[in-house]
Protein chains: 2
Amino acid sequence: MENIISFVKKSHVQYLKELKSFLSIPSISSDPERRIDVVNAANHTAELLSNAGCSDIAIHFTKGHPIVTGSIISDPDKPTILIYGHYDVQPVDPLDLWDHDPFDAFIKDDTIIARGSADDKGQVFMHFKAAEAFMKVNGKLPINLKFIVEGEEEVASPNLAKFLSENKELLSADIVFISDTAMWAQGQPAITYGLKGLAYMELELTGPNHDLHSGEYGGAVANPAEILSRMIAQTKDADGRIQIPGFYDKVIEIDANEREMIANNPFSSDEYKAELGVEELWGEKGYTTKEHVSVRPTFEVNGIWGGFTGVGAKTVLPSKAATKISMRLVPDQDPNEIADIAEKYFKSIAPKSVQLKVIRHSGGYPVVTPLSSPYIDAAKDALEVSFNRRPLMIRAGGSIPIVADFKKILGLDTLLVGFCLPSCRAHSPNENMHLPSFFTGIESLVRMYDSFQHISVGD
Amino acid sequence: MENIISFVKKSHVQYLKELKSFLSIPSISSDPERRIDVVNAANHTAELLSNAGCSDIAIHFTKGHPIVTGSIISDPDKPTILIYGHYDVQPVDPLDLWDHDPFDAFIKDDTIIARGSADDKGQVFMHFKAAEAFMKVNGKLPINLKFIVEGEEEVASPNLAKFLSENKELLSADIVFISDTAMWAQGQPAITYGLKGLAYMELELTGPNHDLHSGEYGGAVANPAEILSRMIAQTKDADGRIQIPGFYDKVIEIDANEREMIANNPFSSDEYKAELGVEELWGEKGYTTKEHVSVRPTFEVNGIWGGFTGVGAKTVLPSKAATKISMRLVPDQDPNEIADIAEKYFKSIAPKSVQLKVIRHSGGYPVVTPLSSPYIDAAKDALEVSFNRRPLMIRAGGSIPIVADFKKILGLDTLLVGFCLPSCRAHSPNENMHLPSFFTGIESLVRMYDSFQHISVGD
């Protein structure tokens, strides 16, 4: 084991070189013009799996972007871990807020800055390197690994469930392992036992059939930008409660134990505000900030646009206005039901003076995984040894919709251990990965793989 | 006189050729990148004035775009008419909604489609041609004309008041004449006796100091796009009454006579809705549509933007959101006071969880001119002879802020007779001028100039 750890320690420069190359591919899955780049990233993933010592590597074409699989079967009597990750990334706009080209990774102090450095190329890459270290030093693993790395996570994995259903044998395993979440803080590792679900949609309002002169028509015709604002305003009351009828019906309220566990996780509201540059926080009354971001369902405006947005003053009454909105869900909310009632609500509050078009984007189920299992125990120990700090158990506000599918289709629980920091700016300009956490994280993965061998298959 | 009219009738092809050339210059005054084009349009205006027979042509440079003047003094004992117009135009976006290049005028049926065809190149050009017809046929005018054509009307004429103050002698006249308004309907000419004022501003909200992952932070941090929507929603109540404290304080309510006159102007709500493609209208309770657009102050969202607006789904909680808003004013509202109380109101309703920046754009005073004067009587007769229909007296929803300055600085009333149709799409894609109205309008201007000679100077 110590040979493996020291191999990892000696490989930092090589890791950075390879990571930079992986991060240089603009594999933005939501952008149809990046289709070739996404395929290039799939090929690159296959190459990284090959370097890690995988056999049976395959690039599976789907209706969307490819899924890459590979495996290292060292001892069929030992546990098999199915490692899931994704090689696609979020869009990069607003581009002018990046300090550097998002696809030309830049190292500043102890951080690497690039789109995908945290979410998720950088993190799935850590597993490639942990496996590779075993293979290069020992020629085998203490367990068995299977990899499934997809290219549509950022567009809600529309083709993965079908792939899982059709490849149960190929993907058979004892547990799924995903590194696509964050640590609690620098130096404080965490294991994530809950993820929110997601319902994402777009509302497009059309008022008059063409842009009008706001002087000649203003005051007489519904302004879709104003109506849209009124509709968004009607989605929450003054206490931050979401007003869509039925929205909270299936929410399981947390119990006193979980509430206490969350309260005990260290948190400074002042530091949080300072990091975000806000004077005051804003959230649903009756819950704490830590609860807002972990156990409460939310509604956010992701984008809004309409009318004249250029330089100067143009007196137009716009024909159209639109918004992208999303709701994060908690057990037992169902994303399809939530999308249905949200659509119904918006249709009910849209006045007849406008036409409303609803476009549904991605969705995903919320999940909470068991708080204890031998894999979690092993992960806790490995993280503690590596980071010199016992990990916290947390629920995250992000969504990895596929976790629910792994349970439903393959019958597998998921172990979620992530290594980026909360300040990693995933989905934002200057996304980054803290390199000491990255390198130590690879060591902790080596230790996890090693201790998983003592778990009996079937536990 | 009939020689002049028949000269106009024979010149249609030549007029269209020259108009197309004038319309081909993209003189968008609000766009700093179009500065050279705006100067080119000023030069082109000077050339058109020269062709019309003007002397003393000058291009006056200002802190902004140039002002062009010229005059034809035929008989100092006759009235002098100061014709005001503008050679600048509105921006053209959204460009994809134009059927043709907005700066390559296209003739479809009896309409010419191009940016500026109605507002105002096409209309000021009509005066050039009416003057030119007299000069080419008779070598002189029956009255005296002075022209002042500016390049900053679409950005609220920031340098014109100073120019008027400094050039009172150059601009001395008996009345101002502006053609930058619309007819009531095809075949139904109109004289405009009132214009709304304008207060235009931009609100920019900043929440967190960078775009956030809407899963990791959603529900805990104020979303500026949502807050902005709530602020816009708070600007009107359910009856469409503007909620800015003091907004209506100085509004002069119309009297029963004026209300009746407005009610008598022919109008079909069904045709209006059909033309705009809306199922229902929307406006301040207690007033009719014709009143909304003529005598009531209004508030409109001209543009709104924030967060992700590209293709697909990006789960971002945006750092910033912004809107361009404008209020149209009626006597005796003061645009500076209204901008002050609006800014104060928005600051009072912006929560501490966001920072609000207010940027003030253009402003202008509302005006109502006398309903009768010998010039209005002469215009009515000339319009009736030319269009075979008695003109209506109307108040328009648009703003020509300079009209108030002509009164205040030069002591002159303004005669407002416009020739575009209500369907001219000023400020919108496919802006157009109805050619039969354009040609008949030039004839009516010839007749007006002719009958103005009988008005005693000083009346």
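Since this is a predicted model, take the numbers as computed values, not measurements.

1. With respect to the environment of D249 of chain A
Residues and elements named next belong to chain A.
And step 1. Of note, D249 is situated in the loop between α7 (224–233) and α8 (256–264).
And step 2. With 11 C-beta atoms counted inside 10 Å, the residue D249 sits in the exposed group.
And step 3. Sequence separation of D249 and D332 is 83 residues, and the distance between their C-alpha atoms is 9.0 Å.

2. Here's the deal with the interface of chain A and chain B
And step 1. Facing 82 residues of chain A, the contacting portion of chain B comprises 82 residues.
And step 2. When contributions to the side of chain A that touches chain B are tallied by element, the ones reaching two or more residues are β10 (212–213), α6 (214–217), α7, α10 (289–292), β11 (298–307), β12 (316–317), β13 (320–329) and β14 (355–364) of chain A.
And step 3. A per-element tally of the side of chain A that touches chain B places β11 of chain A first, with 9 residues.
And step 4. Residues that form the side of chain A that touches chain B fall into these classes: 31 nonpolar, 34 polar and 17 charged.
And step 5. Pairing of β11 of chain A with strand β11 (residues 298–307) of chain B involves 5 bridges; the strand directions are antiparallel. Within β11 of chain B, the residue paired with G303 of chain A across the bridge is G307 of chain B.

3. Points about the domain arrangement of chain A
And step 1. Examined at the domain level, chain A breaks down into domain 1 (2–195 + 367–452) and domain 2 (197–251 + 297–364).
And step 2. Taken together, the contact between domain 1 of chain A and domain 2 of chain A spans 7 residues of the former and 7 residues of the latter.

4. Some remarks on the sheet that holds strand β14 (residues 355–364) of chain B
And step 1. Spatially, the 8 strands line up as an open sheet ordered β14(A)-β9(A)-β13(A)-β11(A)-β11(B)-β13(B)-β9(B)-β14(B), and their pairing is antiparallel. Two strands in the sheet have a free side with no partner beyond their single neighbour: β14 of chain A together with β14 of chain B. Recorded for the sheet is a direction-independent mean angle of 20° between the axes of neighbouring strands.
And step 2. Note: strand β9 (residues 197–206) of chain A against β14 of chain A, 8 bridges, orientation antiparallel. Bridge pairing links L198 of chain A to G364 of chain A in β14 of chain A.

5. What about the environment of A190 of chain A?
Residue and element names in this part refer to chain A.
And step 1. Mapped onto the elements, A190 comes out in strand β8 (residues 190–195).
And step 2. The spacing of A190 and P335 is 145 residues in sequence and 27 Å in space, taken between C-alpha atoms.
And step 3. Setting aside anything within four residues of it in sequence, one finds A190 in contact with M183, W184, P391, L392 and I394.

6. A closer look at the nonpolar core
And step 1. By size, the foremost hydrophobic cluster in this structure holds 92 residues, and its most contacted members are I81, L82, V176, A379 and Y449 of chain A.
And step 2. Ranked by residues supplied to this core, first place goes to helix α14 (residues 435–452) of chain A with 9 residues.
And step 3. Excluding anything up to four places from it in sequence, V176 of chain A contacts L82, Y84, F406, L412 and T414 of chain A.
And step 4. Counting residues in each nonpolar core, the second largest holds 91 residues, with I67, I143, L415 and L416 of chain B among its members.

7. Focus on the pairing of strand β8 (residues 190–195) of chain B
All names here are of chain B.
And step 1. Counted residue by residue, β8 has 6 buried out of 6 residues, so it is predominantly covered.
And step 2. Strand direction decides the pairing type here: β8 and strand β16 (residues 392–395), joined by 4 bridges, are parallel. For A190, the partnering residue across the bridge sits in β16 and is L392.
And step 3. Sheet topology places β8 next to strand β17 (residues 414–417); 2 bridges connect them, and they run antiparallel. Within β17, the residue paired with T192 across the bridge is L416.
And step 4. In the sheet, β8 pairs with strand β15 (residues 367–368) via 2 bridges, with the strands oriented antiparallel.

Calculation criteria
- Residues numbered from 1 in each chain as written.
- Chains lettered and ligands numbered in written order.
- Predicted model: local features only at pLDDT ≥ 70, side-chain atom pairs only at ≥ 80, totals over all residues.
- Helix = DSSP H or I, 4+ residues; strand = E, 2+ residues; numbered from the N terminus.
- Buried ≥ 20, exposed ≤ 12 C-beta atoms within 10 Å, placed from the backbone.
- Contact = placed C-beta atoms within 7 Å.
- Nonpolar A, V, L, I, M, F, W, Y, C, P; charged D, E, K, R; others polar.
- Pairing = 2+ DSSP bridges.
- Domains from an automatic or database assignment.
- Axes fitted to C-alpha atoms, helices over the stretch in contact; angles between N-to-C directions.
- Core = buried A, V, L, I, M, F, W, Y, C linked by C-beta atoms within 7 Å.

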